[in-house]
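Structural overview
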Amino acid sequence: MRSQTAPSEGTPWALGPGRPKDIPETAAVLNQRIIARESLDSSVPAVLKLKKRIKRFALDNELDHLPIGDIVSVALDEWLTTRGF
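Rules used throughout
- Residues numbered from 1 in each chain as written.
- Predicted model: local features only at pLDDT ≥ 70, side-chain atom pairs only at ≥ 80, totals over all residues.
- Heavy atoms only, no water.
- 1 Å grid on protein atoms, 1.4 Å probe; cavity = no way out; pocket = protein on both sides within 12 Å on 5 of 7 lines; lining within 4 Å.
- Points joined across faces, edges and corners; volume = space filled by probe spheres on them.
- Helix = DSSP H or I, 4+ residues; strand = E, 2+ residues; numbered from the N terminus.
- Nonpolar A, V, L, I, M, F, W, Y, C, P; charged D, E, K, R; others polar.
- Expected span 1.5 Å × (residues − 1).

1. So, the layout of surface pockets
A water-sized probe rolled over the atoms picks out the places where empty space is left. Roughly 1,400 Å³ of internal volume is contained in the largest pocket. Among the elements that take part in the lining of the largest pocket, helix α3 (residues 68–82) stands out by supplying 12 residues, more than any other. Of the residues in the lining of the largest pocket, the class split is 19 nonpolar, 6 polar and 10 charged.

2. Notes on α3
Helix length check: α3, at 15 residues, gives a terminal C-alpha distance of 21 Å against a target of 21 Å (1.5 Å per residue), a fit within 8%. Gly84 sits one or two positions beyond α3 and adopts a positive phi of about 85°.

Note that every value here comes from positions in space, so none of it alone points to a role or purpose.
The structure is reproduced here in structure tokens:
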């Protein structure tokens, strides 16, 4: 029988040397008036229904525009920083 391990189990993530000194804090970048941006294309698990939940959040909070790129930037920056990258 094959072992059913959760993605968080098994080989631990490698820790990096720490957040690079030349990378500014996310809040400082997102508070700038003009921000140079790059595309980050990613697919996410459909079972999480992220698109539907984002739309519901925007509707419930009466938002015309939800800055998804900014939300993803904060989440990925935190994730990488806690791992030392």
